Amino acid sequence: MNTRINNLLRISIIIISGVCSLAVHSREVSNLPLTIKKASKGESSCQSDLVYYYYNTSHNYTEAVKWCRILIENQSARESEKEYANRILGYCAYKGNGLTKSIDDAIKYWKQGAQLKGGLSALSLARIYEKELRDSVESINWYVKSAELENKTAAYFLAQLYENGYVSGANDIRIYYPDICKDISQSTKYYEIYIKNMGYSWSGVPINSKLLYKLAQWHYTGEGNLERDYSKAFNYFNRAIETNEDSKAEYCLTSIEEGNALWCISVCYRFGRGVEKDELIARRYVKRAAEKGNENAISILKE
């Protein structure tokens, strides 16, 4: 890998938060002795609670490691619980908390977590290959794996990367990755993973009408190498309009964008693109688009 790429990879960590971001739901252990008693009898949920408590609350990493290993060996534990235990062991090995500090061991545990369908474990691997090992190709492979496991952070990162052929770091520095070129079809794929649970409080994905509008436009026009899909375009235009009032200011449509979305919906109804043809409904949307200042709609109404 040449010097330029090495330098860019070093810069790339600017856009990534710490490699050991936990991203786990807050949980309380209201009765520690009782939880320990139940965990000792093999209740996997209590074992998982103890891992969280000792790692995040009391910072007793030796105990956290102990319960991680017990949880992994518990045959009745769910796959997600075992993934969580492997992920925490990876953090402990990476930081040297309760385990000898070792990047190789961290990778081992995170790979085991990824095999258990752990999107966060795969994301940790993507970051460590990027930050510590300067291996952009392997890093991208793990970003892809994480996104395929529906991790929203990895999906959004890849969507932006494929949209432009680069990502932006601090001070809007453009950071390029070897073998990654602009690919709207791939970008759309990852944006659609990202927005899959948009708006749910637990998902961490805010309502973003601008993003829905962009996807609608891409599908409507067949942007780049993306195959035109009027059905998806129609649905995304409608979602963008319907969610606009609930979006934060930076994610809201401008009047021009809103008018254009309404106009495109009217065209879909008028010609039966992605929806059953209905000229009456089409006229209603033309009127709404005109109220937002859309010139095409205004011209139609004058005629």
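Residues numbered from 1 in each chain as written. Predicted model: local features only at pLDDT ≥ 70, side-chain atom pairs only at ≥ 80, totals over all residues. Heavy atoms only, no water.

**Q** Account for the overall build of the chain, naming residues and giving values.
**A** Within the chain, the secondary structure is distributed over 15 helices and two strands. Going through the 303 residues of the chain one by one, you find that 47% of them count as buried. Relative to all contacts within the chain whose residues are 6 or more apart in sequence, the contacts with residues 24 or more apart total 54%. Side chains of the chain give 40 positive and 36 negative charges; the mean places of these two sets differ by 3 Å. (Helix = DSSP H or I, 4+ residues; strand = E, 2+ residues; numbered from the N terminus. Buried < 20%, exposed > 50% of the residue type's maximum accessible area, 1.4 Å probe, protein only. Contact = heavy atoms within 4.5 Å. Lys, Arg positive; Asp, Glu negative; His and termini not counted. Charge placed at Lys NZ, Arg CZ, Asp CG, Glu CD.)

**Q** Before we move on, could you go through the environment of K145 and cite the residues and values that matter?
**A** One can find K145 in helix α8 (residues 136-148). For K145, a relative accessible area of 32% gives the class partly exposed. Spatially, the C-alpha atom of K145 lies 17 Å from that of Y84, the residues being 61 residues apart in sequence. Once you skip the residues sitting within four places of it in the chain, K145 turns out to touch A114 and A122.

**Q** Let's hear about helix α12 (residues 230-243): which residues, and what values?
**A** The end-to-end C-alpha distance of α12, which contains 14 residues, comes to 20 Å, matching closely the 20 Å that a straight helix rising 1.5 Å per residue would cover. Residues of α12 that are buried include every one of A233, F234, Y236, F237, N238, A240, I241 and T243, and no others. Tucked into the core, α12 has its buried residues touching α10 (184-194), α11 (209-221), α13 (255-271) and α14 (279-291). (Expected span 1.5 Å × (residues − 1).)

**Q** A description of α8 should follow, citing residues and the corresponding values.
**A** The end-to-end C-alpha distance of α8 is 18 Å, a good match for the 18 Å that 13 residues give at a rise of 1.5 Å each. All of the buried residues along α8 are S136, S139, I140, W142, Y143, V144, S146 and A147. Capping of α8 at its N-terminal end is provided by D135; its side-chain oxygen lies 3.4 Å from the backbone amide nitrogen of V137. Count one or two residues on from α8 and you reach E150, which has phi positive near 65°. (Polar contact = N/O pair within 3.5 Å; in protein donor to acceptor, adjacent residues only side chain to side chain.)

**Q** Can you explain the packing of aromatic side chains? Please cite residues and give values.
**A** If you walk through the whole model with that rule in mind, you get 18 aromatic pairs. Between Y162 and Y190, the ring centres sit 6.1 Å apart and the planes meet at 15°, which makes this aromatic pair stacked. With Y162 in helix α9 (residues 152-164) and Y190 in helix α10, the pair connects residues that are 28 residues apart, well separated along the chain. With respect to class, Y162 is no different from Y190; both count as buried. Geometrically, the ring pair formed by Y220 and Y230 is edge-to-face, given 5.5 Å between the ring centres and 75° between the ring planes. Of this pair, Y220 sits in helix α11 while Y230 sits in helix α12, and the two are ten residues apart along the sequence. (Phe/Tyr/Trp six-rings, centres within 6.5 Å; stacked < 30°, edge-to-face > 60°.)

**Q** I'd like a description of unusual backbone geometry, backed by residues and values.
**A** Negative phi values dominate among residues other than glycine, just as trans dominates among peptide bonds. With a phi angle near 65°, K117 is a residue other than glycine that sits in the positive phi range. With respect to the element layout, K117 can be found in the loop between α6 (103-115) and α7 (119-131). The exposed category is assigned to K117, whose relative accessible area is 61%. For D179, which is not glycine, the phi torsion reads 70° and is therefore positive. Along the polypeptide, D179 turns up in the loop between β2 (174-175) and α10.

**Q** With reference to specific residues and values, describe the nonpolar core.
**A** Core analysis: the biggest nonpolar cluster contains 87 residues, and I140, L158 and F237 have the highest contact counts within it. When sequence neighbours within four positions are dropped, the list of residues in contact with L158 reads I140, Y143, V144, A147 and Y190. (Core = buried A, V, L, I, M, F, W, Y, C linked by side-chain atoms within 4.5 Å.)

**Q** Just give me the short version of the packing of α11 against α12, but keep the residues and values in it.
**A** Across the interface, α11 lies against α12 with an axial gap of 8 Å and an inter-helix angle of 160°. Taken together, the axes of α11 and α12 lie roughly antiparallel to each other. In this structure, the crossing between α11 and α12 has a hand that is left-handed. The residues of α12 that touch α11, namely those facing S209, L212, Y213, L215, A216, Q217, H219 and Y220, are Y230, K232, A233, Y236, F237, R239, A240 and T243. (Axes fitted to C-alpha atoms, helices over the stretch in contact; angles between N-to-C directions. Parallel < 35°, antiparallel > 145°, perpendicular 65-115°, else oblique. Left-handed = near helix turned anticlockwise from the far one by under 90°.)

**Q** So what about the side chain of N238? Which residues, and what values?
**A** Tracing the chain through its elements places N238 in helix α12. Looking at N238, the relative accessible area reads 12%, which means it is buried. One polar contact links the side chain of N238 to the main-chain carbonyl oxygen of F234, over a distance of 3.0 Å. Not counting the four nearest positions on each side in its chain, N238 is found in contact with I265 and Y285.

**Q** I'd like a description of the packing of α6 against α7, backed by residues and values.
**A** Between α6 and α7, whose axes approach to 8 Å, the crossing angle comes to 145°. Note on packing geometry: the crossing formed by α6 with α7 is left-handed. For the pair α6 and α7, contact is made by I103, A106, I107, W110, K111, G113 and A114 and by S121, A122, S124, L125, I128 and Y129, respectively. Of the residues in the contact of α6 with α7, the class split is nine nonpolar, three polar and one charged. (Nonpolar A, V, L, I, M, F, W, Y, C, P; charged D, E, K, R; others polar.)

**Q** Describe in detail the side chain of S44, supporting the description with residues and values.
**A** Assignment of secondary structure puts S44 in helix α3 (residues 44-57). At 2.8 Å, the side chain of S44 forms a polar contact with the side chain of E81. In contact with S44, not counting residues within four places along its chain, are L71, N74, S76, A77 and E81.

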